[in-house]
Amino acid sequence: MSNPSVDPLQESLNKFNEIANTALPSYPFLSQSTIQLLNYSENATYLVTDSGRGEKYILRVGRPGYHTKMEVESELEWLKSIHKHSSIHISLPILGGNSEYIQVVQHQNEQYYCTLFTFLEGDAPNEENESELISQFFKLGEITAQLHEHSINNWESLRKIRRLTWDYDTILGTAPKWGRWQDGLAITEEREELFTKVSKKIRDRLNRFGKAANRYGLIHSDLRLANLLVEREQIKVIDFDDCGFGWYLYDFATSLSFIEHKPYVPALIASWLKGYRRVRPLSEEEEQEIPTFILMRRLQLIAWVGSRDNETTRELGNGFTEDTDKIAKRYLQNGKI
Ligand SMILES: N[C@@H](CCO)C(=O)O
C-alpha cells in the first residue's frame, strides 16, 4: 500500500535503492562499497564506489516489465560487439560472482534485472553552450555514423538480437511504447488538432521513406545529451537501455531530445551532417526528412513526459508541450524545423 503523505517519486526511489543494495552482494569484489543514485528515469543508475580500492562502477536497475531478460542479454551482446569491432567508447557489462551479467532481484512479485557496468569519466554536453555544442555535434555525427556502420556490417552476427522496434506504430501509432502523446500534459483541443496533422504527415512521409537496410537497423535510440559523456576531445556513449530496431535518422533525432525547439537546432543539424558524412554517406533525400524524425521524437517525448514521474518530467512539465507549437506549425507549413 502506498502512503498518501509520501511523494510517490520518493517511494519509487526507496524501492530502487533497496533493490540496488540487494544486487550488490552478487559482485563479491564490491563487498565494501557505497552506492549513490545518479539518474532515475526508465531505469535507475547508481554510482558504486569501492571504499577499499576507490574503484568506480555503474549499477543499473531496470524497470520491471520494460524489457525481457533476453532483450537485456541482447543489449549486452551488442555492447560487446561494438567494443570488439569499433573504436566507440562505451561502458561494458561486468560479470557477477555467478558468472552472469544480469542479476535478477525478486521484489514484491516483480523481477528487476540488474547489471554492473564499467565507469566512464566525463560530463554531459552543456545545452546552454551553443558553440561548444555545435562542435560536439560534429563529433557525435562521426560517432553515430560509426555506430550505424557497425550495425550494418555486423548484421549477420547480430541476427539473434531481440530488441524493441521503434517505428511509427510503436512511437506514435497504435502501440506507442511510451504511451499516447494525446494523453500528454497541456494537450488542448487546438493542440490535439495541430499535433494530429503533424502525426499524419509523419506517418505518410515515413511510409514513403521506407525501411531499406541502409536506412533502418539496430540503433541506440536514446542519444540524448544526458547519455553522452564528454572528456576532453572525446565523446563517449552510455545507456543503451532503449537500443532497438529503427531508422538511423531517428537515432539522430534522439540526440536532440528535449532541445528540439531551440533556435540553434539547424546549426546542430548542419554540424552533425558534416561529421556523419565523413564516415557514411547520407543522401539529400534523407537529409530533407530530418525534421520528420525530430517531430516524431518530440511527440513521443510529450507522451513520455505525460506518463512518467521523475525529476526530468517534473521539470519539463506543460512548458515542454507548449514549446512544441512553433516547430509543429513550421513543419506543417514547409517541412522544416
Ligand atoms: N527512455 C529515456 C527517456 C527519454 O530519453 C530514459 O529514460 O532515459
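Given the structure is predicted, the values throughout are model-derived calculations rather than measurements. (Residues numbered from 1 in each chain as written. Predicted model: local features only at pLDDT ≥ 70, side-chain atom pairs only at ≥ 80, totals over all residues. Heavy atoms only, no water.)

## Remarks on the packing of helix α9 (residues 290-307) against helix α11 (residues 325-334)
Axis separation between α9 and α11 bottoms out at 11 Å; the angle between their running directions is 145 degrees. At the point where α9 passes α11, the crossing takes the left-handed sense. In this structure, α9 contributes Pro-291, Thr-292, Leu-295 and Arg-298 to the contact, and α11 contributes Ile-327, Ala-328 and Tyr-331. Class assignment of the residues belonging to the contact of α9 with α11 gives a composition of five nonpolar, one polar and one charged. (Axes fitted to C-alpha atoms, helices over the stretch in contact; angles between N-to-C directions. Helix = DSSP H or I, 4+ residues; strand = E, 2+ residues; numbered from the N terminus. Left-handed = near helix turned anticlockwise from the far one by under 90°. Contact = heavy atoms within 4.5 Å. Nonpolar A, V, L, I, M, F, W, Y, C, P; charged D, E, K, R; others polar.)

## Quick look at the UniProt feature "domain: Aminoglycoside phosphotransferase" (unreviewed entry) in the protein chain
Under the UniProt annotation, the feature "domain: Aminoglycoside phosphotransferase" (unreviewed entry) is placed at residues 41-282. In the segment residues 41-282, helix accounts for 37% and strand for 21%; the C-alpha atoms at its two ends are 32 Å apart. (UniProt positions renumbered as here; feature names shortened; annotations may be inferred.)

## Digging into the environment of Val-104
Note on placement: Val-104 falls in strand β5 (residues 103-107). A residue is classified by how much of its surface remains accessible, and Val-104, at 39% relative accessible area, is partly exposed. Not counting the four nearest positions on each side in its chain, Val-104 is found in contact with Lys-69, Gln-111, Tyr-112 and Tyr-113. (Buried < 20%, exposed > 50% of the residue type's maximum accessible area, 1.4 Å probe, protein only.)

## Brief notes about the packing of aromatic side chains
Scanning all chains against the criterion turns up 16 aromatic pairs. Their ring planes at 70 degrees and their centres at 6.1 Å tell us that Tyr-27 and Phe-29 sit as a pair that is edge-to-face. Relative accessible area serves as the criterion here: at 1%, Tyr-27 is assigned to the buried category. Of the residues examined, Phe-29 reaches a relative accessible area of 31% and is grouped as partly exposed. Aromatic side chains Trp-78 and Phe-240 sit 5.6 Å apart centroid to centroid with 75 degrees between the ring planes, which places their arrangement in the edge-to-face category. Here Trp-78 is found in helix α2 (residues 69-85), whereas its partner Phe-240 is found in the loop between β10 (234-237) and β11 (244-247), with 162 residues between them in sequence. You can call Trp-78 buried: its relative accessible area is 0%. Assessed through its relative accessible area of 3%, Phe-240 is described here as buried. Site record: aromatic cluster; members linked through ring pairs are Trp-166, Trp-178, Phe-258, Trp-304 and Phe-320. Sitting over the face of the ring of Phe-320, Arg-298 holds its NZ or CZ atom 3.8 Å from the ring centroid. (Phe/Tyr/Trp six-rings, centres within 6.5 Å; stacked < 30°, edge-to-face > 60°. Lys NZ or Arg CZ within 6 Å of the ring centre and 35° of its normal.)

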